[in-house]
Amino acid sequence: MSQGKGSRKLRCDCALVFENAQSLGGHVKETGHMTLRFCAPCCHLFISKDGLQQHEKTAAKHKKEKAPILPLKKDASKNKPRADKSETAPRKLAVVTKPPKAAEGVKGKERTSKGPTKVNTNATRPPRNPPATGSTSKETISIQLSDALTKKYPWASNWEGPGIKALKKRCHDEVCLVSQGYYTGNRSHQMNLKYSIKGFVSTPVKASGVRRKAITLDCEMVGVAGGRDDLAQLCAVDLFTGEVLINTLVYPPEVVKDWRTKYSGVSPAKMAIARASGQALNGWPAARAKLFEFADADTVLVGHSLNNDLKVLHIAHKRIVDSAILVAEAVFGQGKRMLRKWGLKPLSRDLLGITIQSSRAGHDCLEDTLATRELVLWCLRERQKLDLWAKKAFIEYEEEKRKREERQRAKAKEEREKRRKEEEKERQQFPIKAVSIEGGHFDEYEEYEDDGYDSFDETVDWREYIHIPLGREIALSCPWSD
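Residues numbered from 1 in each chain as written. Predicted model: local features only at pLDDT ≥ 70, side-chain atom pairs only at ≥ 80, totals over all residues. Heavy atoms only, no water.

*Asks:* Explain the pairing of strand S15 (residues 300-303) here, please?
*Replies:* Working note: regular strand, side chains alternate between the two faces of the sheet. Burial of the side chains of S15 extends over both faces: Val300 and Val302 are buried on one face and Leu301 and Gly303 on the other. Of the pairings in the sheet, the one linking strand S10 (residues 214-224) to S15 comprises three bridges and is parallel in character. Note on S15: the bridge partner recorded for alanine 214 is valine 300. For S15 and strand S17 (residues 320-322), the ladder comprises three bridges, and the chain directions are parallel. By the bridge assignment, glycine 303 is partnered in S17 with aspartate 322. (Buried < 20%, exposed > 50% of the residue type's maximum accessible area, 1.4 Å probe, protein only. Helix = DSSP H or I, 4+ residues; strand = E, 2+ residues; numbered from the N terminus. Pairing = 2+ DSSP bridges.)

Take a look at the structure:
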């Protein structure tokens, strides 16, 4: 019922491999994976849930000993006088030997203390700060970004707008997500996806670290064998606070065929330096485990075409806010077919008035993440401006569609004319002579001579070729004879 304890490596459901059971046990305690099959006191992994239950029933160390019932002791303080009770009871009020400062500022009478003054300790406590993740009872919140972030990216704005409840209302439904290539954890949607869901894991019920309400993601990919994509860099930013949670390179476990440095910004030299300094994660499983320190099943994941990022991370999630879908729904209508999607660079230029992805060294993953955050915040705050831009974008799309169809018709007409000219040229090079047959003779060819041979007048004696017995020959020639 259990896996062996020898030198065999142990594998978690999240695809991480561990050398021994102790390291796996630490991972189980941190992430909560495989709690139904792993015995923490024994550091033992079982194949099924039933095996663990049977182990807990039969193992000696899991048998709980009943604690002896002790007789209740009578409270001796009840028999003591009231004065003793006041001495033993804990004091809720602090004793201050000096008068409070508020009394010194009162004009007129000056308060003097002849003895100790009782002051309520609860009144001296500072007011609690609102949570930084946006979970506040008020309708709007305001949070300042760090100085280092605003210095490098001056267009990054502070969060001033609705909280997590308003953001959850903008999450896309499962039908929309599946139609756009997302995997939400339902295996029946495999037929609608163009990739395999092998190795995918849903976000955990509870994050292993400090949970965040909403996280903005962006990934950079490289090309591996078979034309597939693999993770090369991961960046995660808290949507509300703007805190950079993850910004690290990820070393692909497979051989890289195309680094795509022009777009990914990742080069072999850059990856080698990060690996030598220990600043790169080892493969997408380690990057996914790092993300699960901040995200759980209730966290809202935000991104631009986030289905590609979650695909290389092998993550199944349902609470998604995709900026590309937000803009497309504003143009074509919610629930309708999205005939076009706009990229992050043109949207940042048209809606936000900022320029990104202009470096010759490739894309900046953190820059793209912050630009996606700005775009989502803009769509949530500026609904009227978004609707005006959407109407203008729809008119431009229809005009571009009309021009594109005209170009296609002109191109098809040009190809037909070109093909007709080629056929005419072939006819001129290789002419076909007409042939007429009159009276069984070919008039076109004079060398043909009629030798008077008529195939219908020829008589064939089949007896020269087929041997027939004499009696049978007579019967065939005279069928009426006996």
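There's plenty left to go through after this.
*Asks:* When you look at the nonpolar core in this model, what are you seeing that I'm missing?
*Replies:* Within soluble globular proteins, side chains that are nonpolar generally end up buried alongside one another. With 32 residues, the main nonpolar core has Leu167, Val300, Val321, Trp342 and Trp389 as its most contacted residues. Looking at this core, the elements that each hand over two or more residues are helix H6 (164-169), S15, helix H12 (323-332), helix H13 (344-352), helix H14 (365-381) and helix H15 (383-429). If one sorts the elements of this core by residue count, H14 sits on top with seven residues. Each residue touching valine 300, except ones within four places of it in the same chain, is listed here: Ile164, Leu167, Lys168, Cys171, Lys213, Ala214, Ile215, Arg319 and Val321. Residues Val201, Leu234, Ala236 and Ala295 belong to the second largest nonpolar core, which totals 30 residues. (Core = buried A, V, L, I, M, F, W, Y, C linked by side-chain atoms within 4.5 Å. Contact = heavy atoms within 4.5 Å.)

*Asks:* How do you make sense of helix H2 (residues 49-58) when you look at a structure like this?
*Replies:* Since the α-helix packs 3.6 residues into each turn, any two residues three or four apart lie on the same face. Burial in H2 covers these residues: Gly51, Leu52 and His55. The buried residues of H2 occupy an angular sector of 100° when projected down its axis, which confines them to one face. In H2, the exposed residues that point more than 90 degrees away from the buried face are Asp50 and Lys57. On its buried face, H2 sits against strand S3 (38-39). (Arc of directions from axis to C-beta.)

*Asks:* Even after reading the chapter, I still don't get the packing of H14 against H15, so can you show me in this structure?
*Replies:* In helix packing, the relevant descriptors are the interaxial angle and the interaxial distance, both defined with respect to the helix axes. Two elements in contact, H14 and H15, have axes separated by 5 Å at closest approach and are oriented at 100°. On the basis of the axis angle, H14 is roughly perpendicular to H15. Here H14 contributes Trp378, Cys379, Leu380 and Arg381 to the contact with H15, which in turn contributes Arg383, Lys385 and Leu386. Among the residues making up the contact of H14 with H15, the classes are represented as four nonpolar, no polar and three charged. (Axes fitted to C-alpha atoms, helices over the stretch in contact; angles between N-to-C directions. Parallel < 35°, antiparallel > 145°, perpendicular 65-115°, else oblique. Nonpolar A, V, L, I, M, F, W, Y, C, P; charged D, E, K, R; others polar.)

*Asks:* What should I look at first to understand the pattern of salt bridges in this one?
*Replies:* Note on pairing: side chains with opposite charge can pair once their charged atoms come close. Within the structure shown, the criterion is met by 17 salt bridges. Ionic pairing is found between aspartate 298 and lysine 168, a salt bridge with its closest N-O pair at 3.1 Å. Of the two residues, aspartate 298 sits in the loop between helix H10 (283-291) and S15 while lysine 168 sits in helix H6, which places them 130 residues apart along the sequence. For lysine 168, a relative accessible area of 28% puts it in the partly exposed group. In this structure, the salt-bridge partner of glutamate 374 is arginine 373, at a minimum N-O distance of 3.2 Å. You can call arginine 373 buried: its relative accessible area is 0%. (Salt bridge = Lys/Arg side-chain N within 4 Å of Asp/Glu carboxyl O.)

*Asks:* Got a minute to help me understand a positive patch on the surface in this structure?
*Replies:* Where like charges cluster on the molecular surface, the positive patch consists of Lys401, Lys403, Arg404 and Arg407. Residue position: lysine 401 is located in helix H15. Judged by relative accessible area, lysine 401 falls into the partly exposed class, the value being 30%. (Patch = residues over 30% accessible without salt bridge, like charges linked within 9 Å, V, L, I, M, F, W, Y side chains within 5 Å. Areas by Shrake-Rupley, 256 points an atom, 1.4 Å probe, with all protein chains shown as cover. Lys, Arg positive; Asp, Glu negative; His and termini not counted. Charge placed at Lys NZ, Arg CZ, Asp CG, Glu CD.)

*Asks:* Where do I start with the confidence of the model for the protein chain in this structure?
*Replies:* Regions with low pLDDT should not have their predicted coordinates read in detail. A residue-level look at the protein chain finds 70% of positions with pLDDT of 70 or above and a mean pLDDT of 78. The low-confidence segment residues 65-139, where pLDDT is below 50, has 34 contacts with residues more than four positions distant or belonging to other chains. pLDDT under 50 marks residues 442-448. Its contacts with residues more than four places away, or in other chains, come to ten contacts. (pLDDT = per-residue confidence, 0-100.)

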